[in-house]
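# Remarks on the overall topology
Spelled out from the first residue to the last, the chains are:
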Amino acid sequence: NWGIASFSAGDILRAHATYNEAIGVAQRLSPERAAPFYLQRNRGVAELELARHDAAMADFEQALSTAQADGNAGNIALAGIAKALTLLDRGELAAAKALAAQIRQRHGPSLPKDGMPAVAMMQFDARAALAEGRWAEARERYGRVIDFFDGRGMQVGPVVSALRSRAEAHLQERAYDAAAADLERA
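First, a word on scope: everything that follows refers to the structure included in this document. Model, not experiment: these values are computed from the prediction. (Residues numbered from 1 in each chain as written. Predicted model: local features only at pLDDT ≥ 70, side-chain atom pairs only at ≥ 80, totals over all residues. Heavy atoms only, no water.)

### A look at the pattern of salt bridges
Opposite charge on two side chains makes pairing possible when the charged atoms of those side chains draw close. In the structure shown here, the tally under the stated rule is 17 salt bridges. Between Glu132 and Lys97 there is a salt bridge; the shortest N-O distance is 2.9 Å. Of this pair, Glu132 sits in the loop between helix H7 (116-131) and helix H8 (135-151) while Lys97 sits in helix H6 (residues 93-107), and the two are 35 residues apart along the sequence. The class of Lys97 is partly exposed, set by a relative accessible area of 37%. Taking the shortest distance from any N to any O, the salt bridge between Asp125 and Arg141 comes out at 3.6 Å. Taken as a pair, Asp125 in helix H7 and Arg141 in helix H8 lie far apart in primary sequence, 16 residues in all. Three or more residues are tied together by salt bridges with common partners; here these are Lys97, Arg104, Asp125, Glu132, Arg134, Glu137 and Arg141. (Salt bridge = Lys/Arg side-chain N within 4 Å of Asp/Glu carboxyl O. Helix = DSSP H or I, 4+ residues; strand = E, 2+ residues; numbered from the N terminus. Buried < 20%, exposed > 50% of the residue type's maximum accessible area, 1.4 Å probe, protein only.)

### Observations concerning unusual backbone geometry
Residues other than glycine predominantly adopt negative phi, and peptide bonds predominantly adopt the trans conformation. For Ala51, which is not glycine, the phi torsion reads 60 degrees and is therefore positive. Turning to its location among the elements, Ala51 is positioned in the loop between helix H3 (37-49) and helix H4 (53-70).

Structure follows, in structure tokens:
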């Protein structure tokens, strides 16, 4: 929880250190088992935010393996989309889109439309639109992500990321006041 709070407050380095500590505790308590899915994924998200792509991908791979062993379709989708986001952040657009399409086809229909895997897919679509220079679509898609969290009263790290990214789309369209408003809120 401290890692989540730190991430949400924008202290990514503290979040990463906290996740490292929590994973260490989990491994000491259960050396025969992998760390829990959520710790692996959360640390990977922090690493992705820090542009530590190889480390993020390794955590997402481990999280995916854990989710598959547990048979948890939602977590499989979350880890798969996280891997696709990492590829996208690396500039590997075609590979990222192919992986996201595979996850969406295999797991999308069975997942709740208002759950975190669906939001992760929305985040991927928004980031892909931004990467491809489809500014209006990126703004609209990031707006959906923001609305999802706002509608639930959740002031969390993904909102900050979405606001920053939507501001980037606004800047590309020279909508400076809208960009400033998103950045101020972030």
